[in-house]
Amino acid sequence: MTTPLLQAAELTRHYSVRSGAWPFGRTATLRAVDGVSFTLPAGRTLGLVGESGCGKSTTAKLVLGLVPPTRGEVRVMGETLPPAGTARWRALRRSIQMVFQDPLGALDRRVPVGDQITEPLIIHRIGTPAQRRDKAVATMAAVGLKLDHFDRYPHELSGGQRQRIVLARALVLEPKLIVCDEPISALDVSIQAQVVNLLVDLQAQLGIAYLFISHDLRMIRQVSHEVAVMYLGRIVEQGEPDSLLAQPAHPYTQALISAIPTASTRTRRGRIILKGDPPNPIDLPSGCAFHTRCAFAVARCRTETPALRVMADGRRVACHLADTNSPRAVA
Amino acid sequence: MATAAVSLAPVQKTAHARFFEAWPPLTIAALAWIAGMVATALAADVLAPYPFTALDLKARLAPAVLLGGSWAHPFGTDELGRDVLSRLIMSIRMSLLIAFFGTMIAAVLGTTIGFVAAHFRRVVEAVVLMLIDFQASMPFLIIALSVLAFMGNSLSLFVVLMGFHSWERYARITRGLTISANEQGYASAVRQLGASSLRIYGLHVLPNIASTLIVSMTLTFPETILLESGLSFLGLGVQPPLTSLGNMVGYGREYLTRAPWIMLAPSAVIVLTTLSISIVGDWLRDRLDPTLR
Amino acid sequence: MMRYLAGRVLRGLFTILLVMTFAFVVLRLSGDPALLIMTVDAPPEAIAAFRTSWGLDRPLWDQYVTYVLRAAIGDLGNSMRDGRPAIELVLDRVPATLAITIPAFLLKIGIGVPAGIYAALHRNSLADRLTMLVSVAGFTVPSFVLALVLVLVFSVKLGWLPSSGSETLAHAILPIVTLGTAGAAVIARFTRSAMLEVLGQPYIRAASAKGLTWRRVVTDHALPNAAIPTTTIIGFMIGALIAGAVVVESVFAWPGVGRLLVVAVANRDLAVVQALLIIIAATMVAANILVDLVYGWIDPRMRTRHPAGAQ
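Nothing here was measured: the structure is a model prediction, and the numbers come from that model.

**Q** Pulling in residues and values, what's your account of the overall build of chain C?
**A** In terms of regular secondary structure, chain C is built from 13 helices and zero strands. Moving toward the C terminus, one meets the helices and strands of chain C in the order α-α-α-α-α-α-α-α-α-α-α-α-α. Burial statistics for chain C: of 311 residues in total, 43% are counted as buried. A separation threshold of at least 6 residues defines the contact pool for chain C, and within that pool the share at least 24 residues apart is 70%.

**Q** I'd like a description of helix H1 (residues 56-64) of chain A, backed by residues and values.
**A** Residues and elements named next belong to chain A. Taking burial as the measure, the nine residues of H1 include seven buried ones, the bulk of the element. Buried residues of H1: Lys-56, Thr-58, Thr-59, Ala-60, Leu-62, Val-63 and Leu-64, and no others. Phi turns positive, to about 75 degrees, at Gly-65, one or two residues after H1.

**Q** Break down the environment of Leu-66 of chain A for me, citing the residues and quoting the values.
**A** Relative to the assigned elements, Leu-66 of chain A resides in the loop between H1 and strand S4 (71-76). Distance in space between the C-alpha atoms of Leu-66 of chain A and Val-143 of chain A is 26 Å, their sequence separation being 77 residues. Beyond its immediate stretch of four places on either side in the chain, Leu-66 of chain A contacts Lys-61, Trp-89 and Arg-93 of chain A together with Gln-192 of chain B.

**Q** Lay out the pattern of salt bridges with the relevant residues and their values.
**A** Residues and elements named next belong to chain A. Per the stated rule, a full pass over the model turns up 18 salt bridges over all chains. A salt bridge links Glu-79 to Arg-88; its shortest N-O distance comes to 2.7 Å. We note a salt bridge from Asp-242 to Arg-221, for which the minimum N-O separation is 3.3 Å. Of this pair, Asp-242 sits in helix H9 (residues 241-246) while Arg-221 sits in helix H8 (residues 217-223), and the two are 21 residues apart along the sequence. Of the residues examined, Asp-242 reaches a relative accessible area of 42% and is grouped as partly exposed. If you follow the salt bridges from partner to partner, you end up with Asp-148, Arg-152 and Glu-156 in one network.

**Q** Just give me the short version of the interface of chain C and chain B, but keep the residues and values in it.
**A** With 40 residues of chain C at the contact, the number on the chain B side is 37 residues. Here chain C packs against chain B, burying approximately 3500 Å² in sum over the two surfaces, 85% of which is carbon and sulfur. Taken as a group, Thr-140, Phe-144 and Leu-148 of chain C account for 17% of the area that chain C buries against chain B, more than any other trio of residues on that side. Inspection of the chain C/chain B interface yields zero salt bridges. For the pair chain C and chain B, the interface holds two residue pairs in polar contact (both at pLDDT 80 or more). By residue number, the principal contributor to the side of chain C that touches chain B is helix H1 (residues 2-29) of chain C, which donates nine residues. Looking at the side of chain C that touches chain B residue by residue, the class counts come to 33 nonpolar, five polar and two charged.

**Q** Give a description of the environment of Ala-255 of chain A that names residues and reports values.
**A** Note that Ala-255 of chain A resides in helix H10 (residues 251-258). The sequence separation of Ala-255 of chain A and Leu-274 of chain A amounts to 19 residues, and the corresponding C-alpha distance is 6.9 Å.

**Q** An account of unusual backbone geometry is requested, with residue identities and associated values reported.
**A** The amide bond that connects Pro-240 of chain B to the next residue, Pro-241 of chain B, takes the cis arrangement and shows omega of 10 degrees. On the secondary structure map, Pro-241 of chain B appears in the loop between helix H10 (197-233) and helix H11 (245-253). Here the phi dihedral of Glu-10 of chain A falls at roughly 50 degrees; this positive angle occurs in a residue that is not glycine. Inspection of the secondary structure puts Glu-10 of chain A in strand S1 (residues 6-19).

**Q** Quick rundown of the packing of helix H12 (residues 261-288) of chain B against helix H7 (residues 143-157) of chain C? Include the residues and the values.
**A** The geometry of H12 of chain B relative to H7 of chain C is characterised by a closest axis approach of 10 Å and an angle of 140 degrees between their N-to-C directions. The angle between the axes of H12 of chain B and H7 of chain C places the two elements in the oblique class. H7 of chain C is crossed by H12 of chain B, and the crossing has left-handed handedness. Between H12 of chain B, through Met-263, Leu-264, Ser-267, Ile-270 and Val-271 of chain B, and H7 of chain C, the contact on the second element is made entirely by Phe-144, Val-145, Leu-148 and Leu-152 of chain C. Grouping the constituent residues of the contact of H12 of chain B with H7 of chain C by class yields eight nonpolar, one polar and no charged.

**Q** An account of the environment of Gly-165 of chain C is requested, with residue identities and associated values reported.
**A** All names here are of chain C. Summarising the element assignment, Gly-165 is placed in the loop between H7 and helix H8 (170-199). Classification of Gly-165 by relative accessible area gives buried; the value is 13%. Between the C-alpha atom of Gly-165 and that of Phe-252, which follows or precedes it by 87 residues, the distance is 6.3 Å. In this structure, Gly-165 is in contact with His-171, Phe-252, Ala-253 and Trp-254, ignoring residues within four places of it in sequence.

**Q** Go over a nonpolar patch on the surface with me, naming the residues and quoting the values.
**A** A surface patch of nonpolar side chains, about 450 Å² in accessible area, is lined by Leu-264 of chain B together with Val-149, Val-153, Leu-158 and Trp-160 of chain C. The exposed category is assigned to Trp-160 of chain C, whose relative accessible area is 62%.

**Q** Go over the sheet that holds strand S9 (residues 226-231) of chain A, please, and point to the residues and values.
**A** Strands pair in a sheet through their backbones, by hydrogen bonds, and they do so in one of two ways: parallel or antiparallel. All names here are of chain A. The strand order S6-S7-S8-S3-S9-S10-S12-S11 describes an open sheet built from eight strands, whose pairing is mixed. Two strands in the sheet have a free side with no partner beyond their single neighbour: strand S6 (96-99) and strand S11 (309-310). Here S11 pairs with strand S12 (residues 316-317) via two bridges, running antiparallel. Within the sheet, the bridge partner assigned to Arg-309 lies in S12 and is Val-317. Taken strand by strand, H1 contacts strand S3 (45-49), S6, strand S7 (177-181), strand S8 (209-214) and S9, and its axis lies near 155 degrees from that of S7.

**Q** Outline helix H6 (residues 159-171) of chain A, supporting the account with residue identities and numerical values.
**A** All names here are of chain A. The end-to-end C-alpha separation of H6 is 18 Å, in line with the 18 Å expected for 13 residues at 1.5 Å each. Along H6, eleven of the 13 residues are buried, which leaves the element largely enclosed by surrounding structure. Listed as buried for H6 are Gly-160, Arg-162, Gln-163, Arg-164, Ile-165, Val-166, Leu-167, Ala-168, Arg-169, Ala-170 and Leu-171.

**Q** Tell me about the packing of aromatic side chains, residues and numbers included.
**A** Tallying each qualifying case throughout the model produces ten aromatic pairs over all chains. On the basis of an interplanar angle of 25 degrees and a centroid distance of 4.9 Å, the ring pair of Phe-115 of chain B and Tyr-201 of chain B is categorised as stacked. Remark: Tyr-201 of chain B occurs in helix H10 and Phe-115 of chain B occurs in helix H4 (residues 84-120); sequence separation between them is 86 residues. For Phe-115 of chain B, a relative accessible area of 13% gives the class buried. Look at Phe-233 of chain B and Phe-144 of chain C: their rings are 4.5 Å apart centre to centre, the planes differ by 15 degrees, and that puts the pair in the stacked class. Here the residue Phe-233 of chain B occupies a position in helix H10, and Phe-144 of chain C occupies one in helix H7, the pair thus bridging two chains. Like Phe-144 of chain C, Phe-233 of chain B is buried. Through successive ring pairs, a cluster of aromatic residues spans Tyr-231, Tyr-252 and Phe-290 of chain A. The ring of Tyr-15 of chain A has Arg-13 of chain A lying over it, and the distance from NZ or CZ to the ring centre is 4.4 Å. One cation-aromatic arrangement involves Arg-82 of chain B over Tyr-251 of chain B; the distance from NZ or CZ to the ring centre is 5.5 Å.

Criteria and cut-off values
Residues numbered from 1 in each chain as written. Chains lettered and ligands numbered in written order. Predicted model: local features only at pLDDT ≥ 70, side-chain atom pairs only at ≥ 80, totals over all residues. Heavy atoms only, no water. Helix = DSSP H or I, 4+ residues; strand = E, 2+ residues; numbered from the N terminus. Buried < 20%, exposed > 50% of the residue type's maximum accessible area, 1.4 Å probe, protein only. Contact = heavy atoms within 4.5 Å. Salt bridge = Lys/Arg side-chain N within 4 Å of Asp/Glu carboxyl O. Buried area = accessible area lost by both parts, 1.4 Å probe. Polar contact = N/O pair within 3.5 Å; in protein donor to acceptor, adjacent residues only side chain to side chain. Nonpolar A, V, L, I, M, F, W, Y, C, P; charged D, E, K, R; others polar. Axes fitted to C-alpha atoms, helices over the stretch in contact; angles between N-to-C directions. Parallel < 35°, antiparallel > 145°, perpendicular 65-115°, else oblique. Left-handed = near helix turned anticlockwise from the far one by under 90°. Patch = residues over 30% accessible without salt bridge, like charges linked within 9 Å, V, L, I, M, F, W, Y side chains within 5 Å. Areas by Shrake-Rupley, 256 points an atom, 1.4 Å probe, with all protein chains shown as cover. Pairing = 2+ DSSP bridges. Expected span 1.5 Å × (residues − 1). Phe/Tyr/Trp six-rings, centres within 6.5 Å; stacked < 30°, edge-to-face > 60°. Lys NZ or Arg CZ within 6 Å of the ring centre and 35° of its normal.

The structure is reproduced here in C-alpha cells:
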C-alpha cells in the first residue's frame, strides 16, 4: 500500500480556558478536537461535516500546522508535519494550501489581484519575476478569471470572482492538498454551484485532494468521496457519502440528515428535532457526548465512551447501539 | 441645440459645486499656507534678507512697516537691531524641522511598538499597554520639563524628546488594527502561506493602516509645534543663538510695550500654521479614513 | 463597589510608583547629579558631602528603596538650592495655583457647557458656527500667545489691568481668563458633540413621540446622557490643571506651582522637580479616581455593579 497523502492520527487539541477574573476563577480544558483519525489519499476528497463549534475548523488548522496538536500527529506524504514557522514546515506547506470562507476578508484590499496571486511564489522564492507572472496568468485562466482582472482590486470584483482569486492563490504553488474551510457558505446560492463545479473540475484535471469542511451535508455529498461527521471534537460516523446519507447509523447523523430541507411536500419524513443546545464543550458529558440529546440513549451511554467501530458495510460508527439499532432508512 | 444648452448648464454647475465640495476654499487656503511655510523653511537661506544674527545697532527696535517703520526692515528689528523678518524665516525652518522630526520619531517608534505588542501579545503587550496608560495619564509638558531638568538641554535631545510626545497614539492605533488584522482576514491568509512577519507587517498591514496613521500625524504635528514653542517660550527649549517661533515670542515678551511687533509676527505664524494643519487634517480624515469619522 | 474602588486605588498607587521610578531612572541616566549641581571649582569635600547627603555613594537598589520609603512618609529630599524640604516648597505654592486654577475651572465649565449645549440645540445656526470657530481657535492658539495678546490689549493699550505680579485681586483676572478661555473652547466642542450624539439616538425620538415637550425631552433625557462623556473630559482637566498653569503662571509671574517648576528646571534643582513630578502625578491619579466615582453616580449602568444598588 502506498503512503496516503494526508494522515491524521489521534489528533487532539485542548485549550485551557479561564472562567472568572485572575487570580480567582479556575482553569478548565476545552476539548476542541479529541482524538480524530483519518486518511486522505491523493486526488480524493474527504468531507468534514458538523455543527458550528464541533471542531471542524480546528481540525483544519491542525492539518495546516497553524496550531500545534496537544496529542497525536499529522503526517503529510508519510512525514510528520513540523511546527509552524520552521523552514521544513514552509517547504511542506507548498503542497498544502487553504481556501477561506470569506474571500474578501482573506484578500488584501490594497493589493491588485495579480500581485496577490503571485505572492505565494515570491514567499517561496520560486521562479523569476517574469515566470511568476506567467504562472499567475495561467492559474487565473485555469480558475476562470480573465487577464484584465490582473490589475484590478478585490473590491471591484464579484463574490464568486473573489473566491476564484483565493483559489488561484492556493493553486499557483501546485499543491497536492487544499483545505477548504466553508469555501462557499459566504457566496450567493447561484454562485455556489459554479465554485463547487470548478473545484470538482480542478480535481479531475490536476489530481488535487480536498479536505472539504462544511456544515452543508448536500454540498459535502456532491464533492466528497468520503464523509466524516463530527460532534464535539470527535468523529461519530464516517463512510461513503451515498450510503451514509441514505442510511445514517449514528443518531446524530440521522438528526443532521433529517434537518436537510426538501422541496417535496409528499415525502414528509419524520424530522428529528434535537433536544436543547450542544453541551458546553468545556464541561463535556460523561460517556457518549451525544447522550444528553439522543433519543435512544441507554444507561451505558452515560458511563462509557463509544469507540469508532467498523460496521459490516465498511462504515465506521461511534455508537453503542449501532448494531442493535440498525440503520434506519430516511426516505 | 436649445435643449442641449439647457441641459449643459446644470451639469457645469454641479461640476463646479463638486469641485468645491471636494476642495473647500478653507482647505485650499490652509494647504496654500502650509505650502508657503514649507517653501519658506526649505529656501530660508535665500529668502532671509539679512543673516539672522546680524546686528544693526543704528536701527534698534525699528517698528514694522505696518506700524510706521521703513522697508529696510519690513517686520521691524529687535533690541539688538536684528531683522525680525530674517529671524522669523529661520525660526519657521527650526520649528518645522523640530516638529517634523518629532512627529516622524513618534510615528516610527509608536508604530513599531504597536506591531511588537500585537505580535507577541501576553507579557510584552501588557508592558506596552502599561506604558501607554502612563504616558496618556501624565501631561507631557511636565514629563518634558523633568527630562530637560534632569538631563540638560541640547538640540538633539530636545528633538528626541518631542518624538516621545505622541508615540502612544500611534502605538495604540497600530496595536488595535494589527490585532484585528491578525485574528482574521488578509494577514492570517498571508501568514498561512508561509510569509515572514516582516513581510506581513511591512507589505500588508502597514499599507492598510497607513491612512489612519497619516490622519493621526496631522493631529500630532500641530501639537508638537505648540509643545516646542511653549517650551522654547519658557526658555527651556531651543537655546540662543538658535531661534524658533516660541523662542521669538519669549524674547518679544520683554519688549511687549515698546516693540510688540517682535512677538506678534511669530505668534501669528504659530496660530495660522497649527490652524491650517488642523483644517487639512479634518479634511483628510473625511477623505481617507471613514472609520475615524 | 468597595472592591472596585480598592482596585482603582491600587492601580493609582502603582502609577505613582511608576512615575517615581521614571524620575529615579532618568536622574541616574543623566550622569552624576553632584557634578551637575556643583560648580566646577567646588572643593572635593563639598562634592563628597553632597554625595553622602543624597546617598549617591550607596548601591543603586539601596538608593531606590530608601527613596521610595522616604517618599512614602512625605520626605522628597531637600532643595539643592536653598536646602528647604522640597515638599514644603511645593506645598507653599499650592494655594496660589489653586487661587487661579479653581476660578478658571469654574469659568471653563460655566461657559463651555452652556455654549456646547446651545450650539448643539441650534445646530448650524450662526451661534453654532461661532462657537465652533472659537473652539478651534482655543485649540490652535497657544496659551502664551493668548496671554500676551490679553496683556497687550488690557494692560498696555487700555491700562485696565496689571500685566504681572500677584499683589491684588486684579492681578488674578488675566491669568484666570487666559486659563479659562482655552479650556472653555475644548469643553464647548466636546459638550456639543456629546449632545449631538445623544440627540440622534432613538430614545430621544421616542420621548418626543410620546408627547413630551421638547424642553422636557432635553432636560430629562438628553442632558443626563450627554453628561456622561462630558464628565470624563472635565475630569481629565482637573488632573491637568497644574500642567496648564505652568505657562500661564510664568507669563504673569504668578507665584504658583507651575512657575516653581519652570524656575526649578531652569536652576536644575532636581529635588524640587522630582517632588513636583510626584505630586502632580498624585493629583492626576486622585482626579481620575474621583471622576470614576462621579461616573458611577451619574451613570446608572455603573451603579448596577453595586449589588445593593441593583436595579
